Amino acid sequence: MSLDLVFYNPNKFGLDLKKVDSDVYLDNVYLGKFQLDTLMHISKSSEFILPSSVEVDMQNLMKNAVQLMFKKEMLIRATGSVRVGKAGIYKTLPFNYEGRQAINLFK
């Protein structure tokens, strides 16, 4: 599955994003693994788009497809780590994201 994720960097300095490794869940159903292994510059105090690709666990998704299909809103959760840095010095940091998103599959 491919999607564009929009983030905001609230810092007063830019960063370089080198790697992302996370597990993605929809309503606590494991969707798959999201990985990014590309160097990307993030400007200070700005939004940025992260083109994303998730390796979907189709077997697990199909078991829960009917109940997920008719929901108007889903809880999206991602847990993992990012490798960020500046001037060639990088650090791996854990992250957790959780938020509700309106979804209309029949639009």
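Rules of the game
- Residues numbered from 1 in each chain as written.
- Predicted model: local features only at pLDDT ≥ 70, side-chain atom pairs only at ≥ 80, totals over all residues.
- Heavy atoms only, no water.
- Helix = DSSP H or I, 4+ residues; strand = E, 2+ residues; numbered from the N terminus.
- Buried < 20%, exposed > 50% of the residue type's maximum accessible area, 1.4 Å probe, protein only.
- Contact = heavy atoms within 4.5 Å.
- Areas by Shrake-Rupley, 256 points an atom, 1.4 Å probe, with all protein chains shown as cover.
- pLDDT = per-residue confidence, 0-100.
- Core = buried A, V, L, I, M, F, W, Y, C linked by side-chain atoms within 4.5 Å.
- Pairing = 2+ DSSP bridges.
- Phe/Tyr/Trp six-rings, centres within 6.5 Å; stacked < 30°, edge-to-face > 60°.
- Lys NZ or Arg CZ within 6 Å of the ring centre and 35° of its normal.

Asks: Help me understand the overall build of the protein, please; the structure alone is not making it clear to me.
Replies: Scanning the protein for helices and strands turns up two helices and seven strands. Mapped from its N terminus to its C terminus, the protein presents α and β elements in the order β-β-β-β-β-α-α-β-β. Expressed as a percentage of its 107 residues, the buried residues of the protein come to 33%. Long-range pairs, those at least 24 residues apart, make up 62% of the contacts in the protein with a sequence separation of at least 6. If you sum the accessible surface of the protein, you get close to 7,500 Å²; carbon and sulfur atoms cover 56% of it.

Asks: So what exactly am I meant to see when it comes to the confidence of the model for the protein here?
Replies: Close inspection of predicted coordinates is inappropriate for parts of the model with low pLDDT. Mean pLDDT over the protein: 83, with 84% of residues reaching 70 or higher. Mean pLDDT across the elements of the protein ranges from a minimum in helix α2 (residues 65-69), with 66, to a maximum in strand β4 (residues 40-42), with 92.

Asks: It is not clear to me how the nonpolar core should be interpreted in this structure. Could you clarify?
Replies: If you look at soluble globular proteins, the nonpolar side chains tend to sit buried side by side. Of all hydrophobic cores here, the largest spans 15 residues; its most connected members are Leu17, Val20, Phe34, Leu36 and Leu50. Mapped by element, the contributors of at least two residues to this core are β2 (15-26), β3 (29-36), β4, β5 (46-56) and β6 (73-86). The dominant element in this core, judged by the number of residues it contributes, is β2, at four residues. Excluding residues within four positions of it along the chain, phenylalanine 34 makes contact with Val20, Asp21, Ser22, Val24, Leu50, Ser52, Ser53 and Val54.

Asks: What exactly am I supposed to notice about the pairing of β3 here?
Replies: Successive residues of a regular strand alternate their side chains across the two faces of the sheet. Across seven bridges, the pairing between β2 and β3 is antiparallel. If you follow serine 22 over to β3, its bridge partner there is phenylalanine 34. In terms of strand pairing, β3 meets β5 through three bridges, oriented antiparallel. Bridge pairing links glycine 32 to valine 56 in β5.

Asks: Explain the packing of aromatic side chains to me, please; I cannot follow it from the model alone.
Replies: In this description, a pair of aromatic rings is defined by centroid distance and the angle of the planes. Here the structure, examined in full by the defined rule, presents two aromatic pairs. One cation-aromatic arrangement involves lysine 18 over tyrosine 90; the distance from NZ or CZ to the ring centre is 4.5 Å.

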